Amino acid sequence: MSDSFPRLHARTRRFTLGVPRGFTIAPAGDRIVFLRTKGGSDPVTCLWEFDVLSGKERLIVDPRALSANEEDLPAEERARRERSREQAGGIVGYSTDAGVTAAVFALSGGLYAVDLKTKDVRLLKTPGSVIDPRMSPTGVHVGYVSGGAFHIQDLEDEVDHVLARPEAPGVTYGLTEFIAAEEMDRMRGYWWSPSGDAVLVERADESPVQKWHIADPANPSRPAVEQRYPAAGTANATVELFVLTLSGSRVPVPFEDEYLVNATWDAHGLSIVTMSRDQKSLRLLTVDPATGSSTVVRQDTDAAWVDIATGVPGHLSDGTLVWVAAVDGGHRLIIGDQPVTPPTLQVREVLDVDGDAVLFRASGEPTEIALWAYRNGRITLVSPAEGGVYNGHTAGGTLVVTGQTLHSEGSTAHVSHNGTPRGNIVSHAERPGLDLRVSLIRAGERSLSTAVLFPSGHVPGSAKLPVLMDPYGGPHAQRVLSASGAYLTSQWFADQGFAVIVADGRGTPGRGPEFERAVLHDLASPVLEDQVDALHGAAAQFPDDLDLSRVGIRGWSFGGFLAALAVFRRPDVFHAAVAGAPVTDWRLYDTCYTERYLGHPDEGHYDSSSLFADAEKLDRPLLLIHGLADDNVVAAHTLRLSSTLLAAGRPHNVLPLSGVTHMTPQEVVAENLLLLQVDFLKKSLA
């Protein structure tokens, strides 16, 4: 008997296991190094290589052959994986030299080096568990963090040197602080010089950040875990930068702004990107590594907030700046100081700069993300003309295009060299086995991107079905995409007897800065209004299939906040809600995310976006779910809301998940969460 979808969904980590990722293309374009598990339910990630000329792949390192205990991870590494939403184990990251001839990686706290030609693997001696090893571009040294200290090791003689030690508790060198990893997508805390003789290193001091404690009530003998959490309006970690040379010198690199967004060190020099605490100003600076002095190259400002673009700054072969900024109503690619993409093409991120060519992702139609290339003043579509969601990398004339479409199951990874196809890098992901019945429409007065899903056996017009809204709904995140993988869970819910609606309202990306900034100072009203608008718009297009007298809503994280908000404020529309890990009071969420949209708490925009003032209005079934080990949206959100509901005499259900984080990675938990939600919704909407 085959596994049920909930079991398979959990075992395959949402069908991400077995998918190739983490591509590194050799400068000559002849080889591609990548990560992939051996099967769709195998959680151990291996290191592989694809030969571009022959189209064949070979296994470089299988962690099982190294007898490393995957569960023996340093606390800092577990935190890194939670921040990056890493689903698998094994070799989840690696670094190569500039020539892609050798690689280093961490496994179970150990430091390993591998010759990519011979596949010889060495376990290097280190004084403690290793975090984030990165090889120097020359391949002579490897940098890493252990015990908060920044180390380098000579890969030939294996002599270890400590370039910076923490001076006090709470200080680390070479690691990102919580905010950078969680909210700015910056997962690294040091950057090698191209010559490999110096490193730009972050010093993070978390002592100013308030202490919170994550308890495990199911195991009272265990002490609570102490965590530094920068809640809105409170102090962030103090971040400083230093250029450390292998000879032992230390040069401070001062900067004025609160946030270090990014840094790059390439053949054209050392650059850093910083952002003010109110996030209305973003500055690009070039740094003299010998003196630490900096010069402002570009400053972007916005009355609402400045967006952080991934993959910039970059430079063409002659040093011309590659940048992304909001200009004339669109997120645009900037070359030098000139926009080279139209305002109607929303640039998502820059992937690679290869000589004078720039590979980037962008959306014309909001539900599609295509691959584009810029060269010599022109932009060209390089992903398939069929609409979908694509990603990729390029170097040395080789292009890897990964993607999903709405009409095909699973993802693909196509390789070409100088325009000639060279084969595919195979995905071992499991097939969900669902009959996807999704229609992408524009709904409501704002023409919102909306997906409507019906049970696989539903005959249009044969019956009015109870409706389940299944949004995320929050800013800078998108659910409605032209990719089959985006709707697997929604289709399973539909197959349980619901018409499922997924809608992206104001604040979500893909439609330009004005649409995103509509949630400024109000994270509640616009997003809830748009869910109602999308519901009624979908019902107008499917009048014989949607029963608006039975409407449920479910969501996780911001989606959980939105689900609870819906039954509090619009019980005339929504008749039951499942709120997973909801943000209930924005004062309890982190500085960077919350202050971007609501400003400082003293400005007075928080109460109108809180759930507590509306709690006494609850007269619909509400199920609150929260992992007690969640260090992102802490369980206090749900517990405080539950107490408020109890004080108001409003019945509700609470499902606490012992030992579960924000990702809910445990297989049994993830499986049964789906089943329990269906049971609750069916009973509530009967």
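Structure: see above.
Residues numbered from 1 in each chain as written. Predicted model: local features only at pLDDT ≥ 70, side-chain atom pairs only at ≥ 80, totals over all residues. Heavy atoms only, no water.

Caption draft 1: Expanded view of the overall build of the chain. Counting secondary structure elements, the chain contains ten helices and 44 strands. Relative to a compact globule of 686 residues, whose C-alpha radius of gyration would be 26 Å, the chain shows 25 Å and is just as compact. Principal-axis analysis of the C-alpha atoms places the extent of the chain at approximately 70 × 55 × 55 Å. Classification of the 686 residues of the chain by burial places 57% in the buried group. At a minimum sequence separation of 6, the contacts of the chain that also span at least 24 residues come to 59%. For the chain, the accessible surface area stands at approximately 26300 Å², while carbon and sulfur atoms represent 50% of it. One finds the centroid of the 60 positive side-chain charges in the chain at a distance of 4 Å from the centroid of its 85 negative side-chain charges. (Helix = DSSP H or I, 4+ residues; strand = E, 2+ residues; numbered from the N terminus. Rg over C-alpha atoms; globule rule 2.2 N^0.38 Å. Buried < 20%, exposed > 50% of the residue type's maximum accessible area, 1.4 Å probe, protein only. Contact = heavy atoms within 4.5 Å. Areas by Shrake-Rupley, 256 points an atom, 1.4 Å probe, with all protein chains shown as cover. Lys, Arg positive; Asp, Glu negative; His and termini not counted. Charge placed at Lys NZ, Arg CZ, Asp CG, Glu CD.)

Caption draft 2: Examining the packing of aromatic side chains more closely. Inspection of the entire model under this criterion finds 19 aromatic pairs. Pairing tryptophan 212 with tyrosine 229 gives two aromatic rings, centres 4.5 Å apart and planes at 10°, and the pair type is stacked. Here the residue tryptophan 212 occupies a position in strand S17 (residues 211-214), and tyrosine 229 occupies one in the loop between strand S18 (225-228) and strand S19 (238-245), the gap between them amounting to 17 residues. The residues tryptophan 212 and tyrosine 229 share a single accessibility class, namely buried. Measuring from ring centre to ring centre gives 6.0 Å for tryptophan 586 and tyrosine 593, while their planes differ by 15°; the resulting arrangement is stacked. What makes tyrosine 593 buried here is its relative accessible area of 8%. Through pairs of rings, three or more aromatic residues link up here, namely Trp305, Tyr472, Phe558, Phe561, Trp586, Tyr589, Tyr593 and Tyr597. Arginine 250 extends its terminal NZ or CZ atom over the ring of phenylalanine 242, reaching a point 4.1 Å from the ring centre. (Phe/Tyr/Trp six-rings, centres within 6.5 Å; stacked < 30°, edge-to-face > 60°. Lys NZ or Arg CZ within 6 Å of the ring centre and 35° of its normal.)

Caption draft 3: Summary view of the sheet that holds strand S8 (residues 110-115). Taken together, four strands build an open sheet; the order of strands is S6-S7-S8-S9 and the sheet is antiparallel. Single-partner strands in this sheet number two, and they are strand S6 (95-96) and strand S9 (121-124). Sheet topology places strand S7 (residues 102-107) next to S8; six bridges connect them, and they run antiparallel. Across the sheet, residue alanine 102 finds its bridge partner in S8, namely aspartate 115. (Pairing = 2+ DSSP bridges.)

Caption draft 4: Highlighting helix H8 (residues 591-598). A large share of H8 lies buried, amounting to eight of its eight residues. Burial in H8 covers these residues: Thr591, Cys592, Tyr593, Thr594, Glu595, Arg596, Tyr597 and Leu598. Among the residues of H8, the N-terminal cap falls to aspartate 590, whose side-chain oxygen and the backbone nitrogen of cysteine 592 are separated by 3.4 Å. Just downstream of H8 lies glycine 599, where phi reads positive at about 75°. (Polar contact = N/O pair within 3.5 Å; in protein donor to acceptor, adjacent residues only side chain to side chain.)

Caption draft 5: Layout of the packing of helix H4 (residues 488-495) against helix H10 (residues 667-684). Contact geometry of H4 with H10 gives a least axis separation of 11 Å together with a crossing angle of 40°. Between H4 and H10, the crossing angle belongs to the class labelled oblique. Our pair here, H4 against H10, has a crossing hand that is right-handed. Note on element contacts: H10 touches H4 through Leu674, Leu675, Gln677, Val678 and Leu681, opposite Thr489, Trp492 and Phe493. Split into classes, the residues belonging to the contact of H4 with H10 amount to six nonpolar, two polar and no charged. (Axes fitted to C-alpha atoms, helices over the stretch in contact; angles between N-to-C directions. Parallel < 35°, antiparallel > 145°, perpendicular 65-115°, else oblique. Left-handed = near helix turned anticlockwise from the far one by under 90°. Nonpolar A, V, L, I, M, F, W, Y, C, P; charged D, E, K, R; others polar.)

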